[in-house]
Every structure is written in C-alpha cells, then in structure tokens.
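Chain by chain, the residues:
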Amino acid sequence: MQSSNGRPGVRSRDAEYEDPWYDALAAGWGESAEQPAPVPAARAGDAAAADPADVYLQVQRSAAFQEVRSRYRRFVVPGVVAFLLWYVAYVVTATTAPELMARQVTGAVNVAMLAGLGQFLTTFLLTWAYARHARLRRDRAALDLRWDTQELSRSRGGAA
C-alpha cells in the first residue's frame, strides 16, 4: 500500500490506495543489486506565484527534473541510433547485395530471413530494455516529481 502522497512508509491524512504500477513481487527480480542514484527533491524556494503554470516551470528548471530527462536521453538516443543503423544496414544490404541475402543457411532459411527475424527480435529486446530502464532509473524519480508538483500547486492555490 502506498500513502496518497506517493512515498512508501510516509503517512498522510489522505486515504491509502494500491499502486497499480508497483509490483512488490517483481521488484528487483532479475536485476542487479545496485541501487539507482537518488534524485534530489524538486522543492525549491518559497516565492509565491500567482499563476499555477509557474509551478510547472519551477519543476522543469529543477535539478531533479533535469536528472530524469538526462537519464531518459542517455538511454533513448543511443538505442534509437543503434536500431536505425541496424535497420538501414539490413535494407541497404538487401538492395545492394541480394546474392548475400539469398545465401542459404539451412534448408529454406536464408540470410535475409534471419536478418528480418532479427529485426523483430531487436524490436522486442529494445522495448524490454526500455521498460526495464524506465522502471529502475526513472519511474520513482518521476513519480516523486509529480507529487512535488501537486504539493506545490496546492500550496500556491492552484489545482493540478
């Protein structure tokens, strides 16, 4: 159970609920024992703002938000580049070296079929790696940012 402020073990006067995104049985299963680096809290300053949009700008400028974004970019950019290079290599090889792609590996299976199936396999592997990276490196920090944003909005009279 999670308290409604999203932080385990921290009681709040709000109602408790089951977090559908946190699976206690699967957490840590098959992953390394190292803990991700903690992301600093997004709370900053006590300058009152009249516009609730200022809360979101404040959170966007925070170090915690920038850390979540940089973790995202550090995974996505190399992943996209690697996958696009692999895909372009497959297409270019299929059009420029058809004799290589037609080479039989075993029975009716040729190099082109294995490379095509490899495209599907890498798509699934990249999707799995992305979901795992998000769960281990970004989800908890992003949820903390969400709660901090809502708390800041409420304290400034806005509705988030």
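Residues numbered from 1 in each chain as written. Predicted model: local features only at pLDDT ≥ 70, side-chain atom pairs only at ≥ 80, totals over all residues. Heavy atoms only, no water.

1. Here we look at the pattern of salt bridges
- Counted by the stated rule, this structure contains 2 salt bridges.
- A salt bridge links Arg71 to Glu67; the nearest nitrogen and oxygen atoms lie 3.1 Å apart. Here Glu67 and Arg71 lie together in helix H2 (residues 63-96), a separation of 4 residues that amounts to about one turn.
- With a relative accessible area of 26%, Glu67 lands in the partly exposed category.
- Note that Arg74 and Glu67 form a salt bridge whose closest N and O atoms lie 3.7 Å from each other. (Salt bridge = Lys/Arg side-chain N within 4 Å of Asp/Glu carboxyl O. Helix = DSSP H or I, 4+ residues; strand = E, 2+ residues; numbered from the N terminus. Buried < 20%, exposed > 50% of the residue type's maximum accessible area, 1.4 Å probe, protein only.)

2. Focus on a nonpolar patch on the surface
- A surface patch of nonpolar side chains, about 310 Å² in accessible area, is lined by Tyr87, Val88, Val91 and Val92.
- Assignment of secondary structure puts Val92 in helix H2.
- The exposure class of Val92 is partly exposed, given its relative accessible area of 41%. (Patch = residues over 30% accessible without salt bridge, like charges linked within 9 Å, V, L, I, M, F, W, Y side chains within 5 Å. Areas by Shrake-Rupley, 256 points an atom, 1.4 Å probe, with all protein chains shown as cover.)

3. Concerning the UniProt feature "transmembrane region" (unreviewed entry) in the protein
- In the numbering adopted here, UniProt assigns the feature "transmembrane region" (unreviewed entry) to residues 75-97 and 109-131.
- Across residues 75-97, the secondary structure splits into 96% helix and 0% strand, with the terminal C-alpha atoms separated by 32 Å.
- Each end of residues 109-131 is marked by a C-alpha atom, and these two atoms are 32 Å apart; helix forms 91% of the span and strand 9%. (UniProt positions renumbered as here; feature names shortened; annotations may be inferred.)

4. A short note on the nonpolar core
- Core analysis: the largest hydrophobic core is formed by 7 residues, namely Val55, Val59, Ala64, Val68, Ala141, Leu145 and Leu152.
- At the level of secondary structure, the elements contributing two or more residues to this core comprise helix H1 (53-61), H2 and helix H4 (111-155).
- The element contributing the most residues to this core is H4, with 3 residues.
- Beyond its immediate stretch of four places on either side in the chain, Leu152 contacts Val55, Gln58 and Val59. (Core = buried A, V, L, I, M, F, W, Y, C linked by side-chain atoms within 4.5 Å. Contact = heavy atoms within 4.5 Å.)

5. Quick look at the packing of aromatic side chains
- Tallying each qualifying case throughout the model produces 1 aromatic pair.
- The ring of Trp147 is capped by Arg146, whose NZ or CZ atom sits 5.2 Å from the centre of that ring. (Phe/Tyr/Trp six-rings, centres within 6.5 Å; stacked < 30°, edge-to-face > 60°. Lys NZ or Arg CZ within 6 Å of the ring centre and 35° of its normal.)

6. A word on H2
- Here H2 contains 34 residues, and its C-alpha end-to-end distance of 48 Å stays within 8% of the 50 Å for a straight helix at 1.5 Å per residue.
- For H2, the full list of buried residues reads Ala64, Val68, Ser70, Arg71, Val76 and Gly79.
- Of the surrounding secondary structure, the elements contacted by the buried residues of H2 are H4. (Expected span 1.5 Å × (residues − 1).)

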